[in-house]
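Observations on the three-dimensional arrangement
Spelled out from the first residue to the last, the chains are:
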Amino acid sequence: MMNPTIELTGLEVQLGGRTILHGLTGVLKSRAIGLLGPNGAGKSTLINTLLGFHSPSKGSARVLGLDSFTNGKALRSLVGYMPENDAFISKMSGVRFVRYMAEISGLPPAQAMERAHEAFVYVGLGEARYRPVGTYSLGMKQLAKFAQAIAHGPKVLILDEPTNGMDPPARKRLIELIREIREASDICLLLSSHLLRDVEETCDEVLILRNGQIASVCNLVEERRANRKFLELETIGAEATFTSTLEGLGCECAVFTNGRIKVVMPDSVEIREVFRVAADIGVQIRRMNHRRDSLEDIFLNAMEQTGAADGRI
Amino acid sequence: MAVYKRRYNPYTGSLTPEWSRFFVLTRYAFADLFKARFFVVLLVLSLVPILFFASYIFIANNKTAQLLMQLRSAGLFSVENQYFIVIMMVQTQAAFLLNCWVGPALIAGDLTNGALPLFLSRPFTRADYVLGKLAVLGLLLSAVTWVPCLLLFSLQAGLATDGWIWSHLWMVVPIVLCSAIWILMLSLISLAVSAWVKLRIVATGVIFISFFIPAGLGEMFNAIMSTRWGILLNFSYMFRLILAKGFRERSGLLGSFGWDEIPVAAAWAVLILVCLLSLVILNARLRARETVRG
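Residues numbered from 1 in each chain as written. Chains lettered and ligands numbered in written order. Predicted model: local features only at pLDDT ≥ 70, side-chain atom pairs only at ≥ 80, totals over all residues.

1. A short note on the domain arrangement of chain A
- Each domain of chain A was delimited in the assignment, giving domain 1 (6–223) and domain 2 (236–283).
- Each of domain 1 of chain A and domain 2 of chain A has a C-alpha centre, and these two points are 46 Å apart. (Domains from an automatic or database assignment.)

As structure tokens, then:
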């Protein structure tokens, strides 16, 4: 049986005398996990704990079945990490910097050199690879950090705010790369970002933190699947006949004023059936929306929840 | 992930043994060092005295050379323990200067732009990191202290007659041990300073200060308290004391202090304490993430 990607058991982390993470408990099984939360929610602390940089004061955190503290070295041999802040050696050329990091991960020098060149070209910095990293723009530094995170072929990729400081085309390119890597290999992804869109485009499951506690967990795959079956219609014509016919097909309908209808379709019914019924009855469908409970809604709902969460999923 | 394919492929090749990875740091640091012309000049200069010492040993053991140079006094050339003390004193000072140039940049370069989390997010511990950096100074300073000193010892052993080697073999131990403690102390002090101070010039200044200020304070302590124990804060003197005891040399080297005035164990303890203090500083500074208390 495959180990869950992340397993938290009453994880409590104290830093500088303050409790940052309050007994987080839960299992995240998806291959691509997004980490969301406002500033100070504990996202970076959770990532640092998973990397073994902080020791839990209570409980434990496991990644792919390996305890982040007691099996830290074994776990880190699987990880590629892209930190949020500046992390580079300014006088080194980009390709030498990535080669250096790959060698520390255990790649022999020749293979490290080869992978460093490949990683640099892959992230789109091929032309700049011989320049010192200190001369790179902010976006290029982000890409260099990304290159060093993937060069040694990790099994778990941990990205902390990967698109910080990038212009829209560069951001789009990086998100495409992340998706491509996710699809081309069996790599597990943990992505922390303030940009909900980044998480939405790359992740299958989202863990939302608030004040060091788990505010919500959302499986985006299931959410997307459910949303595909939820329609909002604006119609003109015989609404009552239309809704009763749809209900006859197994749909659930709610009728509002001005011809607005909300329809929840069963899996067996396709959208073309709705159009066919409307055509048969002579109802005009003036507008049709898939209801999209976006990640933003989920995030805002999680943030608006009152009362202390108990830290459990 | 071949360059022309522009596609990501996981790495499936072999890996180097974990124990050997600290040496990657050493290798890269040496590659960077040898790019700097100043360093190469400094290294060559620090090895120049060895040529003179070797020439001296050659002449001391070659009657023909002595005759050709019209040197008649047989006692003028003597290669005994005092001679090796002189070699050690000169070479350890050269090691100090090399250390002042190389040491300050070793860790500061990684800390300036926050590269430390990148090292520590790999199967690489803080101990590996310190070991890798320590090996740079260890190898470099060894190359100018005990290694050439042992080569000179071998040269003398090869040229001398009358079983010189057997009567002087004990000197191998002080050559290695005294160099080792000096190298260890210098390396750890400069790594600790490098982890603390990011600017090379300031860090070099701090290394000098860490030798001279405590010595001055020790002298003040001696004057105020009418004691001689303040000398324990003079690390160079402590090294000289260990050197003198190691080479069984009673004359000159200890200045105004008597042979048994400060026990050699106290000198060892002071130098080891300095090493431990440097390790404490390194332990405090080399963190993947800093924790702000409050």
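2. With respect to unusual backbone geometry
- In the Ramachandran plot, E161(A) falls in the positive-phi region, its phi being about 50° despite a non-glycine side chain.
- Along the chain, the position of E161(A) falls in the loop between strand 7 (156–160) and helix 6 (168–184). (Helix = DSSP H or I, 4+ residues; strand = E, 2+ residues; numbered from the N terminus.)

3. Re the sheet that holds strand 6 (residues 79–82) of chain A
All names here are of chain A.
- Ordered in space as 6-7-8-3-9-10, the six strands form an open sheet in which the pairing is mixed. The open sheet is flanked by strand 6 and strand 10 (213–219), the only strands paired with a single partner. With strand direction ignored, the average angle separating the axes of adjacent strands in the sheet is 15°.
- With six bridges joining them, strand 9 (residues 205–210) and strand 10 adopt antiparallel strand pairing. Across the sheet, the residue bridging to R210 is Q213, located in strand 10.
- The sheet strands contacting helix 5 (residues 138–150) are strand 6 and strand 7, and the helix crosses strand 6 at an angle near 170°. (Pairing = 2+ DSSP bridges. Axes fitted to C-alpha atoms, helices over the stretch in contact; angles between N-to-C directions. Contact = placed C-beta atoms within 7 Å.)

4. Describing the interface of chain B and chain A
- On the chain A side, the residues contacting the 36 residues of chain B number 43 residues.
- For the side of chain B that touches chain A, the element with the most residues is helix 5 (residues 116–120) of chain B, which contributes four residues.
- Considered class by class, the residues forming the side of chain B that touches chain A number 18 nonpolar, eleven polar and seven charged. (Nonpolar A, V, L, I, M, F, W, Y, C, P; charged D, E, K, R; others polar.)

5. A closer look at the packing of helix 4 (residues 81–112) of chain B against helix 9 (residues 172–196) of chain B
All names here are of chain B.
- Contact geometry of helix 4 with helix 9 gives a least axis separation of 8 Å together with a crossing angle of 25°. Looking at the two axes, helix 4 sits roughly parallel to helix 9. Note that helix 4 runs across helix 9; the crossing there is right-handed.
- Here the contact of helix 4 with helix 9 is built from residues that sort into 18 nonpolar, six polar and no charged. (Parallel < 35°, antiparallel > 145°, perpendicular 65-115°, else oblique. Left-handed = near helix turned anticlockwise from the far one by under 90°.)

6. Observations concerning the nonpolar core
Residue and element names in this part refer to chain A.
- Within the largest apolar cluster, 155 residues are counted, with the highest numbers of intra-cluster contacts made by V98 and A147.
- Excluding residues that lie within four positions of it along the chain, A147 makes contacts with V98, A119, F120, V123 and L125.
- Within the second largest apolar cluster, twelve residues are counted, among which are F242, V274, V277 and V283. (Core = buried A, V, L, I, M, F, W, Y, C linked by C-beta atoms within 7 Å. Buried ≥ 20, exposed ≤ 12 C-beta atoms within 10 Å, placed from the backbone.)

7. What to know about the environment of R31(A)
Residue and element names in this part refer to chain A.
- Considering the arrangement of structural elements, one finds R31 in the loop between strand 2 (18–28) and strand 3 (32–36).
- Along the sequence, R31 and P4 sit 27 residues apart, while their C-alpha atoms lie 8.9 Å from each other.
- If sequence neighbours within four positions are ignored, R31 has contacts with T5, R182, C188, L189 and D204.

8. Looking at the packing of helix 3 (residues 94–104) of chain A against helix 4 (residues 109–122) of chain A
All names here are of chain A.
- Between helix 3 and helix 4, whose axes approach to 8 Å, the crossing angle comes to 130°. One element, helix 3, and the other, helix 4, form an angle in the oblique class. Between helix 3 and helix 4 lies a crossing of right-handed hand. In contact with G94, V95, V98, R99, A102 and E103 of helix 3, helix 4 contributes P109, A112, M113, R115, A116, H117, A119 and F120.
- Residues of the contact of helix 3 with helix 4, tallied by class, amount to nine nonpolar, two polar and three charged.

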